[in-house]
Amino acid sequence: MQNIIVFGASGQLGNCLKKVAGERKIDYIHFLPEEEADILRGDLLDIVFEKYKPTFAINCAAYTAVDKAEDEVDLARAINKTGAANLATHCKAYGATLVQISTDFIFKGDVALPLTEEAIAEPISVYGLTKLEGEQAIAEILDEHYTIRTSWLYSEYGNNFVKTMLRLGADRDEVKVIADQVGTPTYAIDLAEAILTIITAGKKAYGIYHYSNEGVTSWYDFAKGIFDISGTDVKVLPIRTSEYPTNAQRPAYSVLDKAKIKATFNIEIPYWRDSLKACIKKLAAVQ
Ligand SMILES: NC(=O)C1=CN([C@@H]2O[C@H](COP(=O)(O)OP(=O)(O)OC[C@H]3O[C@@H](n4cnc5c(N)ncnc54)[C@H](OP(=O)(O)O)[C@@H]3O)[C@@H](O)[C@H]2O)C=CC1
Ligand SMILES: Cc1cn([C@H]2C[C@H](O)[C@@H](COP(=O)(O)OP(=O)(O)O[C@H]3O[C@@H](C)C(=O)[C@@H](O)[C@H]3O)O2)c(=O)[nH]c1=O
């Protein structure tokens, strides 16, 4: 009997998993409220692991405020590293497999070649560093883990670049967006589908995998796509990273190579613009 528990269930990816699990009629998945499943509280983790005796735990909990993390290093490290390690320890004790979500921001991004799972990780931000430390802590504790690195998540849930652009586009005549950071957006609904496909495949092909949508774009082109598809009349000006100072540094190139996940789990990945259309359609329907 499978039993899946989800941490960080109220976040963007948690909500997408809820949606996709509902559509797939998976009824053995439990979305844990944060107050009952704080990944920093060993006492609460003891209770939920004992209650559910999970076969899989999915960790959607994270500290994701990239700029703020530069000033809140201890909190970012506690959630992204210690929290992940706590889950790995509990999974080991209960014979569960851990699905961890990581990020393209573990990479430096100074080489314009798609990044494989073996590419050297050299984070340039506190967020990226603490996420990498989380990956490493899990790997030291547990063999039975799927660590899925993804990039530029967006969806109809939570806060993300698509929703920010639609808000700015509605308020302003002009938006300036960085054109020299290149990567691939990922519709979090597509990622949720991939996670549930991996879990239900029962393959035990543990390890690190890369997943984003297909294609390559810049934040500027992504913004253009958002405004084109939504029919928002706003001028978008391409700018350099140096013209948009932020607390945290971000990789200039972070396109993930998805060959491994496609070959191992027979996953078909949608093109980023097709998924963006699907998301904007959903957002328009709820307005
Ligand atoms: N967003 C993105 O663009 C990308 C995200 N990722 C990774 O994907 C994963 C999911 O991201 P996403 O859904 O967008 O992130 P969100 O920030 O939307 O969700 C994270 C969730 O974790 C919860 N959380 C924080 N601390 C704890 C804790 N101690 N115990 C339990 N829950 C906690 C948050 O609750 P609260 O809000 O109450 O603090 C929030 O609900 C993360 O691992 C992230 O690093 C990877 C690449 C891109
Ligand atoms: C709002 C805005 C952002 N930008 C730039 C800043 C930044 O380089 C880029 C994206 O900005 P955001 O702050 O929305 O996104 P950011 O928080 O940097 O997104 C990252 O989040 C973490 C959690 C990840 O793991 C990454 O994969 C990535 O998705 O767009 C502009 O150029 N103009 C704007 O008006």
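Being a predicted model, the structure only gives us computed values, none of them experimental.

Visitor: Just to check I follow, could you spell out the overall build of the protein for this structure?
Guide: Looking only at helices and strands, the protein features 10 helices and 12 strands. With the C-alpha coordinates of the protein rotated into their principal frame, the extents come out at 55 × 40 × 35 Å. Burial status across the protein gives 47% buried among its 287 residues. Considering only contacts in the protein between residues 6 or more positions apart, those separated by 24 or more positions represent 84%.

Visitor: Please explain the packing of helix α2 (residues 42–52) against helix α4 (residues 73–94) as it appears in this structure.
Guide: To characterise two packed helices, one gives the angle between the axes of the helices and the distance between these axes. One way to put it is that α2 packs onto α4 with a least axis distance of 11 Å and a crossing angle of 35 degrees. The interaxial crossing formed by α2 with α4 has right-handed handedness. Between α2 and α4, the contacting residues are Gly42, Leu45 and Phe49 on the first element and Asn86, His90 and Tyr94 on the second. A breakdown of the residues in the contact of α2 with α4 according to their chemical character gives three nonpolar, three polar and no charged.

Visitor: For this particular structure, what's the right way to read the sheet that holds strand β1 (residues 4–7)?
Guide: Hydrogen bonds along the backbone pair up the strands of a sheet, which may run parallel or antiparallel. If you walk across this open sheet you meet the six strands as β2-β1-β3-β4-β5-β10, and the pairing is parallel. Of all the strands in the sheet, just β2 (29–31) and β10 (207–210) have a single pairing partner and so form its edges. Strand-to-strand twist across the sheet, computed as the mean angle between neighbouring axes with direction ignored, equals 20 degrees. Here four bridges tie β1 to strand β3 (residues 56–59), and the two strands are oriented parallel to one another.

Visitor: What exactly am I supposed to notice about the site of ligand 2 here?
Guide: Ligand 2 sits among 19 residues. The nearest are Thr64, Thr103, Phe161, Ile178 and Trp219. Contributions of two or more residues to the shell around ligand 2 are made by α6 (161–171) and β7 (174–178). In terms of residues, the shell around ligand 2 owes the most to one element, β7, which gives four residues. Split into classes, the residues belonging to the shell around ligand 2 amount to 11 nonpolar, five polar and three charged.

Visitor: Which parts of the structure should I look at to understand the packing of helix α8 (residues 219–230) against helix α10 (residues 272–285)?
Guide: Relative orientation of the contacting elements α8 and α10 amounts to 50 degrees, with a least axis distance of 10 Å. Overall, the two elements α8 and α10 adopt an arrangement that is oblique. You can see that α8 and α10 cross each other, and the crossing is right-handed. Every residue of α10 that contacts α8 at Gly225, Ile226, Ile229 and Ser230 is listed here: Arg273, Leu276, Lys277 and Ile280.

Visitor: How should I be thinking about helix α1 (residues 12–23) in this particular structure?
Guide: Three or four residues apart is the spacing at which side chains of an α-helix point the same way, because the helix has 3.6 residues per turn. In this model, α1 (12 residues) spans 17 Å end to end at C-alpha, consistent with the 16 Å of a helix rising 1.5 Å per residue. Three or more residues of α1 are buried, namely Gln12, Leu13, Gly14, Asn15, Cys16, Leu17, Val20 and Ala21. Here the buried face of α1 lies against β1, β2, β3, β4 (97–103), β6 (153–154) and α7 (188–201). Of the residues flanking the end of α1, it is Lys25, one or two places downstream, whose phi is positive at about 55 degrees.

Visitor: What exactly am I supposed to notice about the site of ligand 1 here?
Guide: Surrounding ligand 1, one finds 24 residues, the nearest of these being Gly8, Gly11, Gln12, Ala61 and Ala62. Looking at the shell around ligand 1, the elements that each hand over two or more residues are α1, α4 and β4. Of the residues belonging to the shell around ligand 1, the class tally is 11 nonpolar, 10 polar and three charged.

Visitor: When you look at the nonpolar core in this model, what are you seeing that I'm missing?
Guide: Within soluble globular proteins, side chains that are nonpolar generally end up buried alongside one another. In this structure, Val6, Phe7, Leu17, Ile58, Ala192 and Ile195 are the most contacted members of the largest nonpolar core, which totals 79 residues. Not counting chain neighbours up to four residues away, the residues in contact with Val6 comprise Gly14, Leu17, Ile29, His30, Phe31, Leu32, Ile58 and Cys60.

Visitor: What is the right way to read the confidence of the model for the protein from this model?
Guide: It should be kept in mind that the predicted coordinates are not to be read in detail where pLDDT is low. Overall, the predicted model of the protein reaches an average pLDDT of 97, with 100% of residues at or above 70. Model confidence for the complex is summarised by a pTM of 0.98, with the ipTM given as 0.99.

Visitor: I'm lost on the UniProt feature "domain: RmlD-like substrate binding" (unreviewed entry) in the protein in this one. Help?
Guide: Within this numbering scheme, the UniProt entry marks residues 3–283 as carrying the feature "domain: RmlD-like substrate binding" (unreviewed entry). Between the end C-alpha atoms of residues 3–283 the distance is 32 Å, and the span holds 43% helix and 16% strand.

Visitor: Looking at this structure, how should I read unusual backbone geometry?
Guide: Among all residues save glycine, negative phi is the norm, and among peptide bonds the norm is trans. Despite not being glycine, Trp152 has its phi angle at roughly 50 degrees, a positive value. Tracing the sequence through the fold places Trp152 in the loop between β5 (145–150) and β6. Not every positive phi belongs to a glycine, and Lys204 is a case in point at roughly 60 degrees. Structurally, Lys204 can be placed in the loop between α7 and β10. Its 9 C-beta neighbours within 10 Å are what place Lys204 among the exposed residues.

Visitor: Is there a simple way to explain α4 in this structure?
Guide: The terminal C-alpha atoms of α4 lie 31 Å apart, and with 22 residues this matches the ideal 32 Å at 1.5 Å per residue to within 8%. Maximum bend of α4: about 30 degrees, positioned at Thr82. Listed in full, the buried residues belonging to α4 are Ala76, Ile79, Asn80, Lys81, Gly83, Ala84, Asn86, Leu87, Ala88, His90 and Cys91. A positive phi of about 65 degrees marks Gly95, the residue just after α4.

The rules behind these values
- Every chain is numbered on its own, with residues counted from 1 as its sequence reads.
- Labels are handed out in written order, letters beginning with A for the chains and numbers beginning with 1 for the ligands.
- Per-residue local features of the predicted model are confined to residues with pLDDT of at least 70, and side-chain atom pairs are confined, for both listing and counting, to 80 or more; whole-chain, interface and lining totals are unaffected and use all residues.
- Helix and strand assignments come from DSSP, with helices taken as H or I runs of at least 4 residues and strands as E runs of at least 2, each series counted from the N terminus.
- The exposure scheme places C-beta atoms from the backbone and then counts, for each residue, the other C-beta atoms within 10 Å of its own, assigning buried at 20 or more, exposed at 12 or fewer, and partly exposed in between.
- A pair of residues counts as a contact when their C-beta atoms, built from backbone coordinates, are separated by no more than 7 Å.
- In this analysis an axis means a line fitted to C-alpha atoms, helices contributing only their contacting stretch, and an angle means the value between N-to-C directions, from 0 to 180 degrees.
- Each helix crossing is assigned a hand: it is left-handed if the near helix lies turned anticlockwise from the far helix by less than a right angle, otherwise right-handed if that turn is clockwise.
- Residue polarity is assigned by list, with Asp, Glu, Lys and Arg as charged and Ala, Val, Leu, Ile, Met, Phe, Trp, Tyr, Cys and Pro as nonpolar; anything else, Gly included, falls into the polar class.
- Whether two strands pair comes down to DSSP finding at least two bridges between them.
- Each residue gets a C-beta atom placed from its backbone. Should that atom fall within 6 Å of a molecule or strand, the residue is termed near it.
- In these notes the angle categories are as follows: under 35 degrees is roughly parallel, over 145 is roughly antiparallel, 65 to 115 is roughly perpendicular, and the rest is oblique.
- To estimate the expected span of a helix, count its residues, drop one, and scale the result by 1.5 Å.
- Remark: nonpolar core denotes a set of buried Ala, Val, Leu, Ile, Met, Phe, Trp, Tyr and Cys residues whose joining runs through C-beta atoms within 7 Å.
- What pLDDT expresses is the predictor's confidence in each residue, scored from 0 to 100.
- UniProt positions are given in the numbering used here, feature names are shortened, and annotations may be inferred rather than shown by experiment.
- Bend, in this description, refers to the angle at a residue between axes fitted to the seven residues ending there and the seven starting there.

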